[in-house]
Every structure is written in C-alpha cells, then in structure tokens.
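Descriptive structure summary
Single-letter residue listing:
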Amino acid sequence: MLLRRLRQCLLLPCLLWVLSACQPTTPPAQAEAAPLQLGAEQSGLYLPLLQGKKVGLLVNQTSLVGEQHLVDALLAEGVNIVTIFAPEHGFRGDHDAGAKVDHSVDERTGLPIASMYGSNRKPSAELMRALDLVIFDIQDVGVRYYTYISSMHYLMEVAAAEGTEVLILDRPNPNGRYVDGPVLELAFQSFVGMHPIPLLHGMTVGELALMIQGEGWIPNAEALQLTVIPMQQYQRDQHYSLPVRPSPNLPNDQSIALYASLGFFEATPMSVGRGTPFPFQVLGFDKFGLSDDLNAAFSFTPVSTPGAALTPPLQDKTVFGQDLRQVPAGGLDLGYLLTWQQRYAEQGLPLFNSAGFMDRLAGTDQLRLQLQAGASEAEIRASWQPGLEAFMQQRQQYLLYP
C-alpha cells in the first residue's frame, strides 16, 4: 500500500531536487530535457498495485502506452481485467457526440464493455462491487463541459460507495496554461458541468480527482481509496500535441484550442463545423453571415458523417461565417460570442435557441444575460474575477506539477 495516495508525493520533486544537487551538473549547452513520461508509461509504479486483483478500466482510444492500448498492455502482463467501462464516444471513440453507447463485448479481447453514457452514466453498483480496483486513463482537454471528467466523477462516486480502489493514470492538459471563464454555480450542475470550477480549470485529471475527493464533491469521499500516478517532466504551460484525437469532433490541436470558445455555440442555431472535415474550426449560419455580402463570405456545408456527426446542425445547407483554421487560438475568446450576439440582435433574433443548455454549458445564467444586455468583454471578465481568484487558492493544495 506504499504507493496509495501518491498525492502525498508532492514531496517527490523536493527529494529529486535534493538528490540532483549532489550529482555533477551538465553544462547547459549539453543538457537535454528529459522526455515527458505519462502515468500509463510508468508501469513499475502501478503493476504491483494490480497483482491478484479483479480490475476494471474506464478507457477509450486515447488510453495508449506507446503504440499499445492499455488494455492489451495489462493483459500481456497477466492482469485480471474483468470489465471495460466506456465513456461518451465509446471504447474505440467512434460514436457521435451525444449518441447512445450500448453495453457490448470487445471483439479483440472478448471483454465485456459496460456503457457509462446515455442512460448508464454511473457504473452499476453490482459491476463495481465485483471489482477490487478500477483504473481511469483517458485523455482530457481541460474544458469543464467535456464529459470525460464527469464520467470520472461518477466512477469515483460509485467506487467510494462500494469500497473499490480507484487508480488514475495522469495525462497532460493541452489547455493547462489557462484558468478562465465563469466558475460553475451548483444550481446549474449537469453532466456537462458537475464541479464548481472555471470553464478552463488548468488541472490534469489526476489533480482534479484529488480535488473532487479533497473537497468532498462526492458522497463518502473520505472512504475512497484513491491513487494517482503522476507524470514525470510535465509542466502545465508546455505545449502538448495529442497523438490521438480525444473524440471524433476534436481532430487536431486547433480544434482543441478553440473548443472552449466555440462550445457555447452548440446552444445556438449555428454550426461549429460538425459534419465537415474541420469541426470546431469554423463557425456560421445559413440565413446570414457577419456581413450582408454573402458572395464574399466564407462558406461550408455540413453533411452526415457517421461516427462523428450523423445528423449535424444545418445539414446539407450552405453556411456562411468564419474560417478559424489558421487564426491564433488558445484560452477563452469571448469575441466570437460578442460578435455573433450583435449580428443576431441586428436581425432581431435571439442568439441562443436553447437558453437552458447555454446556462448549463456556462455553469451560470449570467453570461447569457450579460451578452443579451450588451455587456462589454471587460465587464463580463470583471464579474468572473472573484470566483477565479478563490478557485486558484482552493486548487493549490491539489496541484502535482509546476
């Protein structure tokens, strides 16, 4: 049980610094940065924890150890895997956003797959009770409404109730340098926002798991046996290009960088490019663009795309708007919301055709109301500051990386 609760290994960087101080130093010109080591790549730390145990895994297509899937790597080591849990988009990552994920069997391994999306967002107590330990190893993107962290929450909740250990294999946050957006108000809690954290929280899944337990955001939090295998040589402000797309509609770095800013438009009648080769890299509407000259406007046409967008918004219609594939992107850019809110107001139309969904995405109704009232970006951002400052202090004790 020595490695249990590796959050206590916050002391590890200090120990490594002391040891390194005793070693000969390499001249700066010859020094080479040590490569990033993911949690899943440090099998020597977690394989001993799995010996003789019945193991479940909440994983998907991003759960790789080098070129090998974690499931295959563990089977090769003789680990007794009992159940695979599948989040939104499925075990292989080939389901549309919001599409039902059914219980099934993995054709390659013959292992049962239990859905954790649709009507089964929590793993059943019966399945969890049959396990000694469950592993979470999924690449997140650091945006609150990306639902993998909600699945992690429910996994932790049921594990705490059933006495099952939880092991988090940590991975980078490609938006880790940003802490921005409104802090979620619990009155707007939903599967696209479960925790009172900002839209961009700047934490890894391992750090967030520690915070979920430490802040008592799940019942019986103190009873949960939680272990985090942290990464080595990771800094939250470093660039990290994902080797595998985390979901069908986030195909590249640009889409991931724009996701926090464009996700709000899912609560409007507009298209963010689902059903095109460039989802979350374009923005537009079929009735009008940002100017009255549609002949000069950028246009695109969403089409049915099985496995990514079977029935995308504005399917088979010519959409006019913005091509964002080459724009500098990162963090939360309110300019898109402010610009389109003004354009819709000029047409005498509401931007949000699903106010409730917008409020759940934002974690508050204030952003929508501020936009509709014509508030400036400076005014909107100023309203976030007290919550952001309190969160930055609150999260400090759970951080594992500089």
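With that out of the way, let us pick up the overall build of the protein chain. Per the secondary structure count, the protein chain includes 11 helices and 14 strands. Across the 402 residues in the protein chain, those meeting the buried criterion constitute 53%. The long-range fraction of contacts in the protein chain, counting pairs at least 24 apart against all pairs at least 6 apart in sequence, stands at 75%. Approximately 17,200 Å² of the protein chain is accessible, and the part contributed by carbon and sulfur atoms is 52%.

Moving on, we come to the environment of Gly52. By the secondary structure assignment, Gly52 is in the loop between α2 (43-50) and β1 (54-59). The class of Gly52 is exposed, set by a relative accessible area of 85%.

With that out of the way, let us pick up empty space enclosed by the protein. Applying the stated criterion across every chain, the model contains 2 cavities of 30 Å³ or more. Volume-wise, the largest cavity comes out at about 40 Å³. Lining of the largest cavity is provided by Ile138, Gln139, Asp140, Val141, Gly142, Arg171, Pro172, Asn173, Met203, Thr204 and Val205. Residue composition of the lining of the largest cavity, by class: 5 nonpolar, 4 polar and 2 charged.

Within the largest apolar cluster, 92 residues are counted, with the highest numbers of intra-cluster contacts made by Phe264 and Leu367. Tallying contributions element by element places helix α5 (residues 148-162) first for this core, with 9 residues. Not counting the four nearest positions on each side in its chain, Leu367 is found in contact with Phe264, Leu334, Leu337, Met358, Ala362, Ile380 and Trp384. Leu50, Val79, Leu111 and Leu133 belong to the second largest nonpolar core, which has 23 residues in total.

Considering all chains together, one arrives at 13 aromatic pairs under this definition. Where Phe278 meets Phe300, the ring centres are 6.4 Å apart and the plane angle is 85 degrees; that geometry is what we call edge-to-face. One end of the pair, Phe278, is in the loop between α7 (253-262) and β12 (282-285); the other, Phe300, is in strand β13 (residues 298-300), and 22 residues separate them in sequence. Ring centres of Phe298 and Phe300 lie 5.8 Å apart, and the angle between their planes is 35 degrees; on these two criteria the pair is classed as tilted. Through a chain of ring-to-ring contacts, the aromatic side chains of Tyr145, Tyr146, Tyr148, Tyr259, Phe264 and Phe280 assemble into a single cluster. The residue whose ring lies beneath Arg121 is Phe191, and the NZ or CZ to ring-centre distance is 4.2 Å. The positively charged end of Arg325 is found above the aromatic ring belonging to Phe278, 4.2 Å away from the centroid.

For the rest of this paragraph, the subject is the side chain of Asp180. Following the sequence through the fold, Asp180 ends up in strand β9 (residues 180-183). Since its relative accessible area comes to 13%, Asp180 is described here as buried. Other than its neighbours up to four places away in sequence, Asp180 contacts Pro198, Leu199, Leu200, Leu332, Arg381, Trp384 and Leu388.

Looking now at the environment of Ala257. Examined against the element boundaries, Ala257 turns out to sit in helix α7. C-alpha of Ala257 to C-alpha of Phe280: the two residues are 23 residues apart in sequence and 9.2 Å apart in space. Excluding residues within four positions of it along the chain, Ala257 makes contact with Asn175, Ala329, Gly330 and Gly331.

Across the 7 residues of strand β4 (residues 80-86), 5 count as buried, placing the element largely inside the fold. In the sheet, β1 pairs with β4 via 5 bridges, with the strands oriented parallel. Residue pairing in the sheet places Lys54 in a bridge with Asn80 of β4.

If you walk through the whole model with that rule in mind, you get 15 salt bridges. The closest approach of N and O atoms between Glu266 and Arg274, which form a salt bridge, is 2.4 Å. Between Arg343 and Glu346 there is a salt bridge, with the nearest N and O atoms lying 3.1 Å from each other. With Arg343 and Glu346 both in helix α8 (residues 335-346) and 3 residues apart, this pair spans about one turn of that helix. Take Arg343: its relative accessible area is 8%, and that puts it in the buried class.

Here the focus is unusual backbone geometry. Even without being a glycine, Asn220 presents a positive backbone phi close to 60 degrees. When you line up the elements, Asn220 lands in the loop between α6 (205-214) and β11 (226-229).

Further remarks concern the sheet that holds strand β6 (residues 112-115). Pairing between the strands of a sheet is mediated by backbone hydrogen bonds and can be parallel or antiparallel. With mixed pairing, 7 strands are arranged side by side in an open sheet as β5-β6-β4-β1-β7-β8-β11. Both edges of this open sheet fall to β5 (104-105) and β11, since each of them pairs with a single strand only. Pairing between strand β7 (residues 133-137) and strand β8 (residues 165-169): 4 bridges, direction parallel. Bridge pairing in β8 links Ile135 to Leu167. Of the strands in this sheet, β1, β7, β8 and β11 are in contact with α2, which crosses β8 at around 165 degrees. Those strands touched by α6 are β7, β8 and β11, and its axis lies near 160 degrees from that of β11.

In contact at an axis separation of 11 Å, α5 and α6 are set at 45 degrees when each is read in the N-to-C sense. As summarised for this structure, α5 and α6 are arranged oblique, according to the angle between their axes. Crossing geometry of α5 relative to α6 is assigned as right-handed. When α5 is examined against α6, the residues Ile149, Met152, His153 and Met156 are found in contact with a partner set consisting of Val205, Leu208, Ala209, Ile212 and Gln213. In terms of residue class, the contact of α5 with α6 is built from 7 nonpolar, 2 polar and no charged.

Procedures and definitions
- Residues numbered from 1 in each chain as written.
- Predicted model: local features only at pLDDT ≥ 70, side-chain atom pairs only at ≥ 80, totals over all residues.
- Heavy atoms only, no water.
- Helix = DSSP H or I, 4+ residues; strand = E, 2+ residues; numbered from the N terminus.
- Buried < 20%, exposed > 50% of the residue type's maximum accessible area, 1.4 Å probe, protein only.
- Contact = heavy atoms within 4.5 Å.
- Areas by Shrake-Rupley, 256 points an atom, 1.4 Å probe, with all protein chains shown as cover.
- 1 Å grid on protein atoms, 1.4 Å probe; cavity = no way out; pocket = protein on both sides within 12 Å on 5 of 7 lines; lining within 4 Å.
- Points joined across faces, edges and corners; volume = space filled by probe spheres on them.
- Nonpolar A, V, L, I, M, F, W, Y, C, P; charged D, E, K, R; others polar.
- Core = buried A, V, L, I, M, F, W, Y, C linked by side-chain atoms within 4.5 Å.
- Phe/Tyr/Trp six-rings, centres within 6.5 Å; stacked < 30°, edge-to-face > 60°.
- Lys NZ or Arg CZ within 6 Å of the ring centre and 35° of its normal.
- Pairing = 2+ DSSP bridges.
- Salt bridge = Lys/Arg side-chain N within 4 Å of Asp/Glu carboxyl O.
- Axes fitted to C-alpha atoms, helices over the stretch in contact; angles between N-to-C directions.
- Parallel < 35°, antiparallel > 145°, perpendicular 65-115°, else oblique.
- Left-handed = near helix turned anticlockwise from the far one by under 90°.

No statement about biological role is implied by the geometric values presented.
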